[in-house]
Each structure stands twice: as structure tokens, then as C-alpha cells.
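The residues making up each chain are set out below.
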Amino acid sequence: ETGVTQSPTHLIKTRGQQVTLRCSSQSGHNTVSWYQQALGQGPQFIFQYYREEENGRGNFPPRFSGLQFPNYSSELNVNALELDDSALYLCASSGEREGETQYFGPGTRLLVL
Amino acid sequence: DQQVKQNSPSLSVQEGRISILNCDYTNSMFDYFLWYKKYPAEGPTFLISISSIKDKNEDGRFTVFLNKSAKHLSLHIVPSQPGDSAVYFCAARTGTASKLTFGTGTRLQVTL
């Protein structure tokens, strides 16, 4: 059974650019959640996808968008990058039943210059 | 508005002693609580959870206590081991909601 994987591990972008981060969920999981963790803070919920549909969204602007694919992998897209978008982006997967524990990937560290 | 608070940014404990990590919350709708451990360059790892219908849950060296009236929970690690050195996050959820609300974390250092 493979765990949650994310790519890339690190990324450097400049203000105004766009970025796509990728996540493969744990085997058997069909729900993916994305979190942003700024330095010195806890993870903040961005949104969740369940069976390719958005299933809950946190307090993030529309330039943060996502996709989930039929194999339950997921992408997080951020447009018009700002300096404050510099953070660790974490993906978590969970199973079919509502309320199941979320298991996290190692994260993608994004630096916006 | 920080709905889940971990007021101690760091804690140092000797190997073999008890580590007690604390967490307070303000949202009375939270009814499920989790603890995650995070090592550098890794994602958070699930440790233990507790439903609001219980006041204690135990798993090996880890015990979580919940005091609903005080809106407070704590994680006890006994005995503490050097490998427990990590950042510990408290998280909370409402019902079966998708969103986890995290605290800011407590860095635990277990010394020899």
C-alpha cells in the first residue's frame, strides 16, 4: 500500500506566475484535501475534492483552484502568485466513509520571489 | 480568529519522563479532535484522536484527554523517547465536515 505522494518537493516562482502542484492519494482513498502551511503556523484548509467534485472550501481566493482525476489524484493550481503564497502545501487523502482520518503527504515547499 | 490554540510553542522533557502537550479551542461545534506529529521535511503523521462523547483515549504510550466544559484537550506521552522529538499539532473537526482546523503546533524536544 503506497502512501500519499506529492510533486514537486520544492519550487521557486516569481510574483504573477502560475503554479500547479500534484498529489497522488493513498491506495483505496477517494478524497483529497489541500492545506497551506505558512512558516510558524498550522496547516490552513484550502479545499477538498471527493469523486472529482469540490466538497468544501476554506477562506482562500478564487485564484486557488483544484482538480481531481478519475484515479483520485489531484492538482492544486494557484494563479497570479503573491509573495504571501510562499508556504508548504500539504495534500491529505482519506477514504470513502465520511469523517475518516486524513493522511498527509510530505508537502511541496513553494517560494515566491 | 484562532479557533484552536496551542499556547506553548515549545516543550523540553527528559527521556523517560511524561510529556504533556496542551490544546484549547473556542468553537463549541467541534466534536472530533486529532493529534498529528510532524518531523522536518515530512508531512504530518496521524497519532491519535478522540470523539467528544469520550473524555479519554489511549493508544500505547499516547493518551489524549478531553475536557469539554473547559474546551481543553491534552496529549500525554509516557515514557517520552528521543524519537518523539517533533512538532505536535492539535486539530479539530465539526461532525463529518471535510475541514480540519489546526493549532499552531508545539515543538517537543526529548533530551537524553
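(A) Summary view of the pattern of salt bridges. One pass over the structure, following the stated rule, counts six salt bridges over all chains. Residues participating in the shared-partner salt-bridge network are Arg63(A), Glu82(A) and Asp85(A).

(B) Broad picture of the interface of chain B and chain A. Counting from both sides, the interface comprises 17 residues of chain B and, opposite them, 22 residues of chain A. For the pair chain B and chain A, the summed buried surface comes to about 1,500 Å²; carbon and sulfur atoms form 58% of the total. For the pair chain B and chain A, the interface holds zero salt bridges. Along the contact surface separating chain B from chain A lie two residue pairs in polar contact (both at pLDDT 80 or more). Put simply, the parts of the chain that give the side of chain B that touches chain A at least two residues each are β4 (32–38) and β9 (86–93) of chain B. In terms of residue count, β4(B) provides more of the side of chain B that touches chain A than any other element does, three residues in total.

(C) Structural view of unusual backbone geometry. Residues and elements named next belong to chain A. Note the cis peptide between Ser7 and Pro8, where omega equals -10 degrees. Along the polypeptide, Pro8 turns up in the loop between β1 (5–7) and β2 (10–13). Here Tyr72, not a glycine, exhibits a phi torsion of approximately 75 degrees, which is positive. The class of Tyr72 is partly exposed, set by a relative accessible area of 28%. Notably, Ala80 is not glycine yet its phi reads approximately 45 degrees, a positive angle.

(D) Structural detail: the packing of aromatic side chains. A complete count under the given rule lists 13 aromatic pairs over all chains for this structure. Taking the centre distance of 5.6 Å and the plane angle of 65 degrees together, the rings of Tyr35(A) and Phe45(A) count as edge-to-face. Taken together, the positions of Tyr35(A) in strand β4 (residues 31–37) and Phe45(A) in strand β5 (residues 44–50) put the pair 10 residues apart, joining distant regions of the chain. Both residues of the pair, Tyr35(A) and Phe45(A), count as buried. The interplanar angle of 75 degrees and the centroid separation of 6.0 Å between the aromatic rings of Phe104(A) and Phe102(B) together place this pair among those described as edge-to-face. One end of the pair, Phe104(A), is in strand β10 (residues 103–104); the other, Phe102(B), is in strand β10 (residues 101–102), on a second chain. What makes Phe104(A) buried here is its relative accessible area of 10%. Residue classification places Phe102(B) among the buried residues on the basis of a relative accessible area of 2%.

Rules used in this analysis
- Residues numbered from 1 in each chain as written.
- Chains lettered and ligands numbered in written order.
- Predicted model: local features only at pLDDT ≥ 70, side-chain atom pairs only at ≥ 80, totals over all residues.
- Heavy atoms only, no water.
- Salt bridge = Lys/Arg side-chain N within 4 Å of Asp/Glu carboxyl O.
- Contact = heavy atoms within 4.5 Å.
- Buried area = accessible area lost by both parts, 1.4 Å probe.
- Polar contact = N/O pair within 3.5 Å; in protein donor to acceptor, adjacent residues only side chain to side chain.
- Helix = DSSP H or I, 4+ residues; strand = E, 2+ residues; numbered from the N terminus.
- Buried < 20%, exposed > 50% of the residue type's maximum accessible area, 1.4 Å probe, protein only.
- Phe/Tyr/Trp six-rings, centres within 6.5 Å; stacked < 30°, edge-to-face > 60°.

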